[in-house]
Amino acid sequence: MKRQFAIGLGVAAVILTIPFASKLPAVSGLFNSDVAIAKAAQHPKVQLNLVGEKQVLGKDAQGKETISWQGGDKLVAQTGDVLRYRLMGKNEGDRSIKNLTLTQPVPQGTVLILKSAKADASQATRITYSIDGGRSFVEAPTVQVKLANGKVETRPAPAEVYTHVRWNLPGTLAAKAPVNAEYQVKVR
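This is a predicted model, so every value here is computed, not measured.

About the thresholds
Residues numbered from 1 in each chain as written. Predicted model: local features only at pLDDT ≥ 70, side-chain atom pairs only at ≥ 80, totals over all residues. Heavy atoms only, no water. Phe/Tyr/Trp six-rings, centres within 6.5 Å; stacked < 30°, edge-to-face > 60°. Helix = DSSP H or I, 4+ residues; strand = E, 2+ residues; numbered from the N terminus. Buried < 20%, exposed > 50% of the residue type's maximum accessible area, 1.4 Å probe, protein only. Lys NZ or Arg CZ within 6 Å of the ring centre and 35° of its normal. Polar contact = N/O pair within 3.5 Å; in protein donor to acceptor, adjacent residues only side chain to side chain. Pairing = 2+ DSSP bridges. Axes fitted to C-alpha atoms, helices over the stretch in contact; angles between N-to-C directions.

Student: How should the packing of aromatic side chains be read in this particular structure?
Tutor: Note on aromatic pairs: each is described by the distance of the centres and the angle between the planes. On inspection of all chains with the given rule, the structure shows three aromatic pairs. Relative to Tyr-183, the ring of Tyr-85 lies with its centre 5.5 Å away and its plane at 25°, an arrangement referred to as stacked. Linking Tyr-85 in strand E6 (residues 82–91) with Tyr-183 in strand E14 (residues 178–187), this pair joins segments that are 98 residues apart in sequence. Its relative accessible area of 3% is what places Tyr-85 among the buried residues. Taken together, a centroid distance of 5.9 Å and an interplanar angle of 50° make the contact between Trp-167 and Tyr-183 tilted. Here Trp-167, found in strand E13 (residues 164–173), pairs with Tyr-183, found in strand E14; they are 16 residues apart in sequence, far enough to count as distant. The two residues Trp-167 and Tyr-183 agree in class, both being buried. An aromatic cluster is built from Tyr-85, Trp-167 and Tyr-183, whose rings are joined through pairwise contacts. When the ring centre of Phe-137 is taken as origin, the NZ or CZ atom of Arg-166, which lies over that ring, is 3.7 Å away.

Next up, the structure:
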């Protein structure tokens, strides 16, 4: 029996704005609002759109397998379907951003497809993962497994326990520059 999985929030375009805190005390804005507004406009901010798509397999005229992605706000996925989540954004501010970090959860009812996370090739990006609900991130999560002989062995974490993906741009994202990241999951 196939189980349906509503993509829901992941499919609908979600607009997130990440403002970067002003170093001005809040009180100074009360007395000199024109200056505060002008300075706030210069602070960097990133506007992000999250888009979910469903993988569609087909065949071309030569019988070769093809892969395309179906988007839209009324997608329905079933067990075994592959979904792609894409974060597409831009530094809307007038200043560059240092050490930008983006974090996305692995949606409930899905399993991360290992090595599917990527970012713009034009930007040096460090991709890390969490297996503890987003409390810690490493490049290659591991788990401790107790063997029948009582020894404990460290092994790579199985895909089923990954909870979050994180992209860190250790350099700077220039003003008005785009930022894109994506990852794939499989519906349980």
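Student: How should the environment of Ser-136 be read in this particular structure?
Tutor: Take Ser-136: it is sitting in the loop between strand E10 (126–130) and strand E11 (142–146). For Ser-136, a relative accessible area of 38% puts it in the partly exposed group. Measuring from C-alpha to C-alpha, the distance between Ser-136 and His-164 comes to 9.5 Å, with 28 residues separating the pair along the chain. In this structure the side chain of Ser-136 is engaged in a polar contact, spanning 2.6 Å, whose partner is the side chain of Asp-132.

Student: Looking at this structure, how should I read the sheet that holds E10?
Tutor: Ordered in space as E7-E13-E10, the three strands form an open sheet in which the pairing is antiparallel. Strands with a single pairing partner mark the edges of an open sheet, and in this sheet they are strand E7 (97–105) and E10. On average, each strand axis in the sheet is tilted by 20° relative to the strand beside it, whichever way the strands run. Two elements, E7 and E13, share eight bridges in a ladder whose sense is antiparallel. Across the sheet, Leu-100 pairs through a bridge with Leu-169, a residue of E13.

Everything listed here is a matter of coordinates, which is why it stays silent on function.
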